Amino acid sequence: MTDEEFTALLAADRTLAVVRAASIPDAAGLAGALASSGIRVLELTFTTPDVLTHVRRAVDTSGEHGATVGIGTVLTGDQARAAIDAGAQFLVTPGIRTEVAAVASAAGVPFCLGAMTPSEVAQAVDLGSSVVKIFPARQVGPGFLKDLHGPYPGVKLLPSGGIDASNARSYLDAGALAVCCGTSVVPPSAVEAGAWGDIAARAAAFTAAL
């Protein structure tokens, strides 16, 4: 997947789902539940045990569910290499991680570096971040994105943290390319229970709010 394809998918769906759970009984079922309700970009994270196995399962079955699957909370170059070897189609970090950027760039894999300050946004862009993740977005609100687009009008911003159906639209209206959805759509208890119907309903309600 190219940077252009990744950003085009985010622009089309306006969201991606970030999953943090103690276990995932079937990553293919999870990806299918989300994709069926209009969330075709799924980020599993290194905070989930055996995440590499789950990513392989989701990527290997992508022909069935149609989701694009990546790995987040990537902190080191070794983690980045392991994620790419497992088939991750994009990488996400919570902050500026130069080693991750270098590994992903060399492999031609899209990546999103996390940033909070204007200086970090500039650094993320310089390192080649496809989209810059603003995290934690709940601490700054939608107006911060609008302000960032003053000096950085062309930067694609992806707010994450504290976003749900009640406020997601306000971030998009402030200029976000897309927003991350987390526990409001994929609560850990539902993921761990394999409650795909519940997750599909939550995803549908979230995408309707966009």
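Residues numbered from 1 in each chain as written. Predicted model: local features only at pLDDT ≥ 70, side-chain atom pairs only at ≥ 80, totals over all residues. Heavy atoms only, no water.

Undergrad: Help me understand the pairing of strand β3 (residues 68-72), please; the structure alone is not making it clear to me.
TA: Burial analysis of β3 places 5 of its 5 residues in the buried class, which makes it a mostly covered element. Burial of β3 is two-sided: the residues Thr68, Gly70 and Gly72 facing one way and the residues Val69 and Ile71 facing the other way are all buried. As judged from the 5 bridges shared by strand β2 (residues 41-45) and β3, these two strands associate in the parallel manner. The residue bridging Leu42 from the neighbouring strand is Val69, located in β3. (Buried < 20%, exposed > 50% of the residue type's maximum accessible area, 1.4 Å probe, protein only. Helix = DSSP H or I, 4+ residues; strand = E, 2+ residues; numbered from the N terminus. Pairing = 2+ DSSP bridges.)

Undergrad: Could you clarify how one ought to interpret the side chain of Thr15 in this entry?
TA: In this structure, Thr15 sits in strand β1 (residues 15-19). A distance of 2.9 Å separates a polar side-chain atom of Thr15 from the backbone oxygen of Val179. Residues contacting Thr15, with those up to four places away along its chain left out, are Leu10, Ile39, Val41, Ala178, Val179, Cys180, Cys181, Phe206, Thr207 and Leu210. (Polar contact = N/O pair within 3.5 Å; in protein donor to acceptor, adjacent residues only side chain to side chain. Contact = heavy atoms within 4.5 Å.)

Undergrad: What exactly am I supposed to notice about the nonpolar core here?
TA: Where a protein is soluble and globular, its nonpolar side chains tend to be buried together. Of all hydrophobic cores here, the largest spans 61 residues; its most connected members are Leu30, Leu34, Leu42, Leu44 and Leu91. Tallying contributions element by element places helix α2 (residues 27-36) first for this core, with 6 residues. Leaving out residues up to four positions away in the same chain, Leu44 has contacts with Val19, Ile24, Leu30, Val51, His54, Val55, Val69, Gly70, Ile71 and Gly72. Val41, Phe90, Cys112 and Ala178 belong to the second-largest nonpolar core, a separate cluster that totals 14 residues. (Core = buried A, V, L, I, M, F, W, Y, C linked by side-chain atoms within 4.5 Å.)

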